[in-house]
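# Coordinates in review
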Amino acid sequence: MTLLLAFTPAEADLLGRTADALCAYLGKPVIAEIVAESDEGYEWALFALPLGPKDEEGDAPRVQAGGPGARFLGNCGGLDLSDGQAVDCEFLWAVQLSDLEGVRYIKVDAHGEEVAWTDTLTDLLPFDLHEAEAPPDEDEDDEEE
């Protein structure tokens, strides 16, 4: 089945930059991956913290990220995930695409609950990642004088 709802390159870039910002904010690697729900016709992006062998079993929701053909976003916290192996992770949250009127994005929390709905992706993200306007070039000011 063809995906009817897929992330655009700009949306994927924004989600990748969000994962990179989360890495810096948390001081830990954060994996972001686009997952295709082929049977349902949509994509969703998960955000997760990789678990190490010494991480104890706990109440944190778990998810497998990666695997063959995985579509990772951002720099994956510096991890080399090119071997195609799935990684056991703590599930943080996800963004699911929607075809509801006026709702392109649904945020799903760590417990799988839909917690926010919007038509603007930046409304769901924890950081404002708009590009700042570049300051004027000092050389141009000197030429005008």
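Located above this text is the structure these notes cover.
For clarity, every value in this text was computed on a predicted model and none was experimentally measured.

## So, the pattern of salt bridges
Counting across every chain of the model gives four salt bridges. A salt bridge links R17 to D13; the shortest N-O distance between them is 3.3 Å. Taken together, the positions of R17 and D13, both in helix α1 (residues 9-26) and four residues apart, correspond to about one turn of that helix. Assessed through its relative accessible area of 43%, D13 is described here as partly exposed. Residue R62 pairs with D88 through a salt bridge whose shortest N-O separation is 3.0 Å. Of the two residues, R62 sits in strand β3 (residues 62-66) while D88 sits in strand β5 (residues 86-100), which places them 26 residues apart along the sequence. Classification of R62 as partly exposed rests on a relative accessible area of 31%.

## A short note on the packing of aromatic side chains
Scanning the model with the defined rule gives one aromatic pair in all. Note on F47 and W93: the rings are 4.1 Å apart at their centroids and 10 degrees apart in plane angle, and the pair reads as stacked. Taken as a pair, F47 in strand β2 (residues 42-50) and W93 in strand β5 lie far apart in primary sequence, 46 residues in all. Exposure remark for W93: the relative accessible area of 10% places this residue in the buried category. K107 extends its terminal NZ or CZ atom over the ring of W93, reaching a point 4.6 Å from the ring centre.

## Here's the deal with the nonpolar core
Ranked by size, the top nonpolar core spans 41 residues in total, and within it L15, V30, L46, F47 and V95 carry the most contacts. Only α1, β1 (31-37), β2, β3, β5 and β6 (103-108) provide two or more residues apiece to this core. Per-element tally for this core: the top contributor is β5, with eight residues. Those residues within four positions of L46 in sequence are excluded, and the remaining contacts are I31, A32, E33, V35, V63, A65, F91, W93 and A94.

## Some details on the environment of G58
Tracing the backbone shows G58 in the loop between β2 and β3. It is 9.9 Å that separates the C-alpha atoms of G58 and E90, two residues lying 32 residues apart in sequence.

## Considering the environment of L15
Relative to the assigned elements, L15 resides in helix α1. The spatial distance from the C-alpha of L15 to the C-alpha of A45 is 7.9 Å, given a sequence separation of 30 residues. Excluding residues that lie within four positions of it along the chain, L15 makes contacts with F7, A45, F47, L73, V95, L121 and L125.

## Focus on the environment of L79
Mapping L79 onto the fold places it in the loop between β4 (71-73) and β5. Spatially, the C-alpha atom of L79 lies 9.1 Å from that of V30, the residues being 49 residues apart in sequence. Ignoring sequence-local partners within four residues, the contact set of L79 consists of P29, I31 and P50.

## Comments concerning α1
If you check α1, its first and last C-alpha atoms are 26 Å apart, about what 18 residues at 1.5 Å a residue would give, namely 26 Å. Here α1 has its buried residues at E11, A12, L14, L15, G16, T18, A19, A21, L22 and C23. Close packing links the buried residues of α1 with β1, β2, β4, β5 and β6.

## Quick look at unusual backbone geometry
With the exception of glycine, the majority of residues adopt a negative phi angle, and the majority of peptide bonds are in the trans configuration. Even without a glycine there, the phi angle at C76 is positive, about 55 degrees. Among the secondary structure elements, C76 is positioned in the loop between β4 and β5.

Rules and cut-offs
- Residues numbered from 1 in each chain as written.
- Predicted model: local features only at pLDDT ≥ 70, side-chain atom pairs only at ≥ 80, totals over all residues.
- Heavy atoms only, no water.
- Salt bridge = Lys/Arg side-chain N within 4 Å of Asp/Glu carboxyl O.
- Helix = DSSP H or I, 4+ residues; strand = E, 2+ residues; numbered from the N terminus.
- Buried < 20%, exposed > 50% of the residue type's maximum accessible area, 1.4 Å probe, protein only.
- Phe/Tyr/Trp six-rings, centres within 6.5 Å; stacked < 30°, edge-to-face > 60°.
- Lys NZ or Arg CZ within 6 Å of the ring centre and 35° of its normal.
- Core = buried A, V, L, I, M, F, W, Y, C linked by side-chain atoms within 4.5 Å.
- Contact = heavy atoms within 4.5 Å.
- Expected span 1.5 Å × (residues − 1).

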